[in-house]
Amino acid sequence: MAIEPVVGDKYFFTWAELGKPTVAAEIKLPGLGILIFDDGDAHYAKQIGENAAYFIRRSRVMGEGIYVVVSRQQPAEQ
């Protein structure tokens with residue numbers, strides 16, 4: 001199955017799909033490359049839990065096959 005962007009050049013991954021990381025890490029994304037997951041991304045996941053999700057895209061500055069989080073899905077307020 002080909003990995004397709006969901007909006008423009010952005011891809012969507014849930015925290016579970018990324019392996020539930022809780023610290024900064026370089027995460028391999030089969031078929032895409034490597035995601036640079038930073039401390040802010042990890043903190044967000046710890047606060048949101050199972051519903052954490054991210055929009056990522058390729059970082060032209062960091063090179064071919066390197067992806068970064070460009071936004072985090074925000075939960076609806078209740």
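Numbering of residues starts from 1 in every chain and runs along the sequence as written. Only residues with pLDDT of at least 70 get local features here, since the model is predicted, and only at 80 or more are side-chain atom pairs given and counted; chain-wide, interface and lining totals rely on the full set of residues. No hydrogens and no water enter the side-chain calculation; it runs on all heavy atoms of the structure.

Visitor: Is there a simple way to explain the pattern of salt bridges in this structure?
Guide: Each reported salt bridge corresponds to a side-chain nitrogen of Lys or Arg within 4 Å of a carboxyl oxygen of Asp or Glu. According to the stated counting rule, one finds five salt bridges in the structure shown. Here K20 ties to E50 by a salt bridge, and the two come within 3.0 Å at their closest N and O atoms. With a gap of 30 residues between them, K20 in the loop between β1 (11–14) and β2 (25–29) and E50 in the loop between α1 (39–48) and β4 (53–58) connect regions that are remote in the sequence. Accessibility expressed as a relative area gives 37% for K20, which makes it partly exposed. Three exposure classes are used, based on accessible area relative to the maximum for each residue type with a 1.4 Å probe and protein chains only: buried under 20%, partly exposed in between, and exposed over 50%. By relative accessible area, which is 53% here, E50 ends up exposed. Residues R72 and D41 are paired through a salt bridge, measuring 2.8 Å at the closest nitrogen-oxygen approach. Here the residue R72 occupies a position in strand β5 (residues 66–72), and D41 occupies one in helix α1, the gap between them amounting to 31 residues. On the accessibility criterion, D41 (3% relative accessible area) is buried. One network of salt bridges, with partners in common, ties together D9, K10 and R60. In this description a helix means any DSSP run of H or I spanning at least four residues, a strand means any run of E spanning at least two, and both kinds are numbered starting from the N terminus.

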